[in-house]
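Topology and contacts: notes
Residues per chain are reported as follows:
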Amino acid sequence: MAFDPSPPPATQVFFDRRELTRILHLYGRMVAAGEWRDYAIGANDEVCVFSVYRRASENPLYRIEKRPALARRQGAWAVIGDGGMILKRGHELDQVLRVFDKGRFKVVD
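The structure reproduced in this document is the subject of the present report. Predicted, not measured: the structure shown is a model, and the values here were computed from it.

1. Considerations on the overall build of the protein
Looking only at helices and strands, the protein has two helices and five strands in total. By the burial criterion, 32% of the 109 residues in the protein qualify as buried. Within the protein, counting contacts between residues at least 6 apart in sequence, those at least 24 apart form 32% of the total. For the protein, the accessible surface area stands at approximately 7600 Å², while carbon and sulfur atoms represent 51% of it.

Now the structure itself:
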């Protein structure tokens with residue numbers, strides 16, 4: 001048997017169906033309220049990101065990130081604001097998404 005020096009294939013991080021359903025439910029609610037207009041999903045071997053935009057040509061307003069490597073420490077989930085500030089981090093998706101609950105904060109132009 002020959003030795004293969006190439007590294008094993010990297011596994012990508014993805015949202016599972018329940019997580020994506022929860023995020024898309026929030027997205028739909030915010031679109032109906034007129035706050036958000038577009039989104040993008042990206043993934044690699046360390047993180048999966050759901051980015052939210054007010055307009056398609058701008059930087060993301062918010063990023064919802066899943067980093068399984070941080071699951072035992074700070075929590076795998078984070079909501080990151082426009083300037084890169086971490087608004088909420090935690091172990092459960094629902095807990096982290098509460099940052100978007102009505103009355104928590106208001107988007108200012």
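2. Examining the pattern of salt bridges
Taken as a whole and judged by the stated rule, the model has four salt bridges. Here Lys-66 makes a salt bridge to Glu-19, at a shortest N to O gap of 2.9 Å. With Lys-66 in strand E3 (residues 62-66) and Glu-19 in helix H1 (residues 17-32), this pair connects stretches of sequence that are 47 residues apart. Across this residue pair, the class does not change: Lys-66 and Glu-19 are buried. Put simply, Arg-63 and Glu-65 hold a salt bridge, and the shortest N to O gap is 3.2 Å. One network of salt bridges, in which partners are shared, links Arg-63, Glu-65 and Arg-67.

3. Details of the nonpolar core
Ile-23, Trp-36, Ile-64, Trp-77 and Phe-100 are the most contacted members of the largest nonpolar core, which totals 21 residues. Sort the elements by how many residues they give to this core and H1 lands first, with four residues.

4. Let's talk about the side chain of Lys-66
Accessibility expressed as a relative area gives 14% for Lys-66, which makes it buried. A distance of 2.9 Å separates a polar atom in the side chain of Lys-66 from a polar atom in the side chain of Glu-19. If we ignore the near neighbours within four places in the chain, the residues touching Lys-66 are Val-13, Phe-14, Phe-15, Asp-16, Glu-19, Glu-46, Val-47, Cys-48, Ala-76 and Trp-77.

5. Topic: the sheet that holds strand E1 (residues 38-43)
Strand order in the open sheet made by the five strands is E1-E2-E3-E4-E5, with antiparallel pairing throughout. At either margin of the open sheet sits one strand with a lone partner, and together these are E1 and strand E5 (86-90). Mean inter-strand twist for the sheet, computed between neighbouring axes without regard to direction, equals 15°. Of the pairings in the sheet, the one linking E1 to strand E2 (residues 48-53) comprises six bridges and is antiparallel in character. Looking across to E2, one finds that Ala-43 is bridged to Cys-48. Contacting E1, E2, E3 and strand E4 (77-80), H1 runs over the sheet at an angle of about 160° to E1.

6. Digging into the packing of aromatic side chains
Given two aromatic rings, one states the distance between the centres and the angle between the planes to describe the pair. Under the definition given, this model contains eight aromatic pairs. Each ring, one from Trp-36 and one from Tyr-62, has its centre 6.0 Å from the other, and the planes form 50°; the classification is tilted. Separated by 26 residues along the polypeptide, Trp-36 in the loop between H1 and E1 and Tyr-62 in strand E3 bring together distant segments of the chain. Each member of the pair, Trp-36 together with Tyr-62, is buried. Of the aromatic side chains, those joined through ring pairs into one cluster are Tyr-27, Trp-36, Tyr-39, Phe-50, Tyr-62 and Phe-100.

Conventions and cut-offs
- Residues numbered from 1 in each chain as written.
- Predicted model: local features only at pLDDT ≥ 70, side-chain atom pairs only at ≥ 80, totals over all residues.
- Heavy atoms only, no water.
- Helix = DSSP H or I, 4+ residues; strand = E, 2+ residues; numbered from the N terminus.
- Buried < 20%, exposed > 50% of the residue type's maximum accessible area, 1.4 Å probe, protein only.
- Contact = heavy atoms within 4.5 Å.
- Areas by Shrake-Rupley, 256 points an atom, 1.4 Å probe, with all protein chains shown as cover.
- Salt bridge = Lys/Arg side-chain N within 4 Å of Asp/Glu carboxyl O.
- Core = buried A, V, L, I, M, F, W, Y, C linked by side-chain atoms within 4.5 Å.
- Polar contact = N/O pair within 3.5 Å; in protein donor to acceptor, adjacent residues only side chain to side chain.
- Pairing = 2+ DSSP bridges.
- Axes fitted to C-alpha atoms, helices over the stretch in contact; angles between N-to-C directions.
- Phe/Tyr/Trp six-rings, centres within 6.5 Å; stacked < 30°, edge-to-face > 60°.

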